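Each chain is listed here by its residues.
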Amino acid sequence: MKYTGVVGEVFPKMANVILDEDESRRLLCTYRRGQIVDRDAEWRERAPVAPGDRVQIHAYGSKDGVIEEVFPRTNSIARRAPGREGKLLHTIAANVDFVVVTASLHDPDFSPGLIDRFLIATTTAQIVPIIV
């Protein structure tokens, strides 16, 4: 049976998908990287799915399935994958409406550079930042 949903969590070679038709139902889905990756992209993705991705899945049971398609993203927050050569991205979140940035004055000490990095990342991705 085919369903659509949103990726809630990502694990190595698996993702937890929240179903559109019943948000209380989640399926643990594998993915076939070769089936859902854009091979012509300038930058390669570290993982082909990210939290927030809209996907189509084929359910094999009441608790598991396979991701068959990842729908186009409206935006994403990504960074270069650590410790890798070449053009490899690690997408942290996809299809984000807004980002709430919080920081403390003490313990840990306030870091204006951290706020700046979040503002740059959100503005570049056309995501609304909210600073608390």
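Given the structure is predicted, the values throughout are model-derived calculations rather than measurements.

## Looking at the confidence of the model for the protein chain
Averaged over every residue, the pLDDT of the protein chain is 87; the share at 70 or more is 90%. Averaged pLDDT values for the elements of the protein chain fall to 60 in helix α1 (residues 33-36) and rise to 96 in strand β2 (residues 14-19).

## Some points on unusual backbone geometry
With an omega of 0 degrees, the peptide bond running from Asp 107 to Pro 108 counts as cis. Checked against the element boundaries, Pro 108 lands in the loop between β9 (98-101) and α2 (112-124). We note that Asn 95 has phi near 55 degrees; this positive angle belongs to a residue other than glycine. Following the sequence through the fold, Asn 95 ends up in the loop between β8 (88-94) and β9. Assessed through its relative accessible area of 21%, Asn 95 is described here as partly exposed. The phi angle at Asp 107 is positive, at roughly 60 degrees, despite the residue not being glycine. With respect to the helices and strands, the residue Asp 107 is situated in the loop between β9 and α2. Of the residues examined, Asp 107 reaches a relative accessible area of 75% and is grouped as exposed.

## As for the sheet that holds strand β4 (residues 44-45)
The strand order across the open sheet built from three strands is β4-β8-β7, with neighbouring strands paired in mixed fashion. Two strands bound the open sheet, and with one partner strand each, they are β4 and β7 (76-80). Relative to β8, β4 runs parallel, the two being bridged by two bridges. Of the residues in β8, the one forming a bridge with Arg 44 is Leu 88.

What counts, and at which threshold
Residues numbered from 1 in each chain as written. Predicted model: local features only at pLDDT ≥ 70, side-chain atom pairs only at ≥ 80, totals over all residues. Heavy atoms only, no water. pLDDT = per-residue confidence, 0-100. Helix = DSSP H or I, 4+ residues; strand = E, 2+ residues; numbered from the N terminus. Buried < 20%, exposed > 50% of the residue type's maximum accessible area, 1.4 Å probe, protein only. Pairing = 2+ DSSP bridges.

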